[in-house]
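# Examining the three-dimensional arrangement
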Amino acid sequence: MSLTLVIGGARSGKSKYAEELASTHNLPVSYVATATAFDDEMAARIEHHRARRPEQWLLHECPLELSELLKTEAKKQQVVLVDCLTLWLNNQLHNNAQQNFSLLFSELINNLQGTAAEVILVTNEVGLGIIPLGEVTRQFVDEAGRLNQQLAQQANQVIFMVAGLAMPLKSR
Amino acid sequence: MSLTLVIGGARSGKSKYAEELASTHNLPVSYVATATAFDDEMAARIEHHRARRPEQWLLHECPLELSELLKTEAKKQQVVLVDCLTLWLNNQLHNNAQQNFSLLFSELINNLQGTAAEVILVTNEVGLGIIPLGEVTRQFVDEAGRLNQQLAQQANQVIFMVAGLAMPLKSR
Amino acid sequence: MSLTLVIGGARSGKSKYAEELASTHNLPVSYVATATAFDDEMAARIEHHRARRPEQWLLHECPLELSELLKTEAKKQQVVLVDCLTLWLNNQLHNNAQQNFSLLFSELINNLQGTAAEVILVTNEVGLGIIPLGEVTRQFVDEAGRLNQQLAQQANQVIFMVAGLAMPLKSR
């Protein structure tokens, strides 16, 4: 039915905004978590997010197989909230930095087209600071930017978050 | 009377904008500086800011005790300009990284409510780049984001600065 | 005739936007590249940009002598597209970090005033993340911010790019 992209910095209120948006639809919600609890700090961050979510939301843990999941879930009359694309990309990069990212992104976007679900995607803007040294980091910034551009082009609505405030970048 | 939050990146013109805003009110100005001259580079930055300010502005140097200062100063019929919240947070983090930041922020915000002064707060957005390694840096980004969200929620006006240009994010 | 500043993060779609804007004018286009292929990665990035540009555009490679080039080129009835100012500043900083940057910027801006050309400048916002350690990096962030502010003040139009979407910051 529609695709909304919520983009912003770390701790900009993206997740909270996306969760509130998900609740405004009178539909069941499938929550897709891409984070993996690889250490205690990450486990605490995941728990912080989990505690805020309504209990009746269905949880899908999906560090890598997002395209496959969306192929099924986006066809249902429901809200699908993915939090977040940037962690998914990071997981993909650590899994196989040599893979074809153009292909990976076009598969993802194909599975978001003409869907029945209200899809809400959370993503980070990471390119507005000094780009740190390290080839993998630069690759991450490049691919994150490309992914965000492609998702924003596809989206019906794009929201930029600053300090918990939503700036609409696109609306149709 | 009202609370204005001026948020932006490094060298985005935040201070200059806030100082010009302070001058538009026909009121005495209390300038609250949170920076401390711990090295020559910082001393030069402080001097650069000082040289630009009108001489009749009252200077309060306040690296840590901001809540206490605002408790008194925000009750007066004046402009209170705090530059900047991010350095204050950094000072707090270096002073005691284990303290209760939620409590610290709620004390600050309590002292900003129902005040007589025109309060102008300058703060940095630091979450739109790659988050560097280091637990303290991540904690800083987290707490800075939380503080900015809480201040933005409380503020009557929020201004986002890019290249010296002001984008209003909130106005009421 | 007019000066447009396109500012945004890494991989935000700045160059693509600027190139499309250049094509909308019914004028010959002089493309000014400030990048230098100092390694294979940079060579690949330059080639990626080059492949996208129309063949009839005139290419000027200009890592340092931008003011001199604009003095001549900006007087012609054409589009002058400079991509990007941030790399030029980086080249200047590596060439001579002790030079007078205020003077350097005012020379550049003088050569942009009252020109016959449609000038389009691409630049990066780099101050919205954590500022990394290192004095040269901090100097880069400071000078980049100062340059962006001065260009934005001079510009007739300023566009902020996020995820390939253009937010107008200034228009006159």
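Described below are features of the structure shown in this document. Keep in mind the model is a prediction, meaning the values are calculated, not measured.

A few words now on the relation of the copies chain C and chain B. Each copy of the sequence occupies a distinct position, and chain C is placed on chain B by a rotation of 120° and an axial shift of 0.0 Å, giving an RMSD of 0.0 Å. In symmetry terms, the pair is related by a three-fold rotation axis. The position closest to the rotation axis in chain C is occupied by the C-alpha of C:Gly129, lying 2.4 Å away.

The subject of this paragraph is the packing of aromatic side chains. The geometry of an aromatic ring pair is captured by the separation of the ring centres together with the interplanar angle, meaning the angle of the planes. Residue and element names in this part refer to chain A. Per the stated rule, a full pass over the model turns up 9 aromatic pairs over all chains. A ring pair is formed by Phe101 and Phe105, whose centres lie 6.1 Å apart and whose planes are at 55°; its orientation type is tilted. You can see Phe101 and its partner Phe105 sitting in helix α5 (residues 101–110), 4 residues apart, about one turn around the helix. Exposure remark for Phe101: the relative accessible area of 3% places this residue in the buried category. Between the NZ or CZ atom of Arg53 and the centre of the ring of Tyr31, over which it lies, the distance is 3.7 Å.

As a further point, take the sheet that holds strand β5 (residues 118–124) of chain A. Residues and elements named next belong to chain A. An order of β3-β2-β4-β5-β1-β6-β7 is seen for the 7 strands of this open sheet, with the pairing classed as mixed. The outermost strands of the open sheet, each flanked by one partner alone, are β3 (58–61) and β7 (165–171). Here the strands of the sheet are splayed against their neighbours by 20° on average, with no regard to which way each runs. By the bridge criterion, 4 bridges tie strand β2 (residues 29–33) to β3 in an arrangement that is parallel. Note that in β3 the partner of Ala33 across the bridge is Glu61. On the sheet, helix α6 (residues 135–154) packs against β1 (2–8), β5, β6 (157–162) and β7 and is oriented at approximately 140° with respect to β1.

The interface of chain C with chain A comprises 23 residues on the first partner and 21 residues on the second. Taken over both partners, the interface formed by chain C and chain A buries close to 1,800 Å², and the fraction arising from carbon and sulfur atoms is 65%. When residues of chain C are sorted by the area they lose upon contact with chain A, C:Arg11, C:Ala163 and C:Leu165 head the list and together hold 33% of the total. At the boundary of chain C and chain A, one finds 1 salt bridge. Taking the shortest distance from any N to any O, the salt bridge between C:Arg11 and A:Asp142 comes out at 3.3 Å. At the junction of chain C and chain A, the tally comes to 6 residue pairs in polar contact (both at pLDDT 80 or more). Breaking the side of chain C that touches chain A down by element, the ones donating at least two residues are α2 (40–52), α6 (135–154), β6 (157–162) and β7 (165–171) of chain C. If one sorts the elements of the side of chain C that touches chain A by residue count, α6(C) sits on top with 3 residues. In the side of chain C that touches chain A, the residues fall into 11 nonpolar, 8 polar and 4 charged.

On to the sheet that holds β7(C), then. Residue and element names in this part refer to chain C. An order of β3-β2-β4-β5-β1-β6-β7 is seen for the 7 strands of this open sheet, with the pairing classed as mixed. Single-partner strands in this sheet number two, and they are β3 (58–61) and β7. On average, adjacent strands in this sheet sit at an angle of 20° to one another, irrespective of strand direction. Contacts from helix α1 (residues 14–24) reach β1 (2–8), β2 (29–33), β4 (79–83), β5 (118–124), β6 and β7 within the one sheet, and its direction differs from that of β5 by about 175°.

This brings us to the interface of chain C and chain B. Contact residues are listed per partner, giving 21 residues for chain C and 23 residues for chain B. Buried area between chain C and chain B, summed over both chains or domains, comes out near 1,800 Å², and the portion from carbon and sulfur atoms is 65%. Summed over the three residues of chain C that lose the most area to chain B, namely C:Leu128, C:Ile130 and C:Gln149, the buried surface amounts to 39% of that side. Where chain C meets chain B, there are 1 salt bridge. Inspection of the region where chain C meets chain B yields 6 residue pairs in polar contact (both at pLDDT 80 or more). For the side of chain C that touches chain B, the secondary structure elements donating two or more residues are α6, β6 and β7 of chain C. No other element matches α6(C), which puts 9 residues into the side of chain C that touches chain B.

Conventions adopted
- Residues numbered from 1 in each chain as written.
- Chains lettered and ligands numbered in written order.
- Predicted model: local features only at pLDDT ≥ 70, side-chain atom pairs only at ≥ 80, totals over all residues.
- Heavy atoms only, no water.
- Least-squares fit on C-alpha atoms with pLDDT ≥ 70 in both.
- Phe/Tyr/Trp six-rings, centres within 6.5 Å; stacked < 30°, edge-to-face > 60°.
- Helix = DSSP H or I, 4+ residues; strand = E, 2+ residues; numbered from the N terminus.
- Buried < 20%, exposed > 50% of the residue type's maximum accessible area, 1.4 Å probe, protein only.
- Lys NZ or Arg CZ within 6 Å of the ring centre and 35° of its normal.
- Pairing = 2+ DSSP bridges.
- Axes fitted to C-alpha atoms, helices over the stretch in contact; angles between N-to-C directions.
- Contact = heavy atoms within 4.5 Å.
- Buried area = accessible area lost by both parts, 1.4 Å probe.
- Salt bridge = Lys/Arg side-chain N within 4 Å of Asp/Glu carboxyl O.
- Polar contact = N/O pair within 3.5 Å; in protein donor to acceptor, adjacent residues only side chain to side chain.
- Nonpolar A, V, L, I, M, F, W, Y, C, P; charged D, E, K, R; others polar.

Function-wise, these values are silent; they only describe arrangement.
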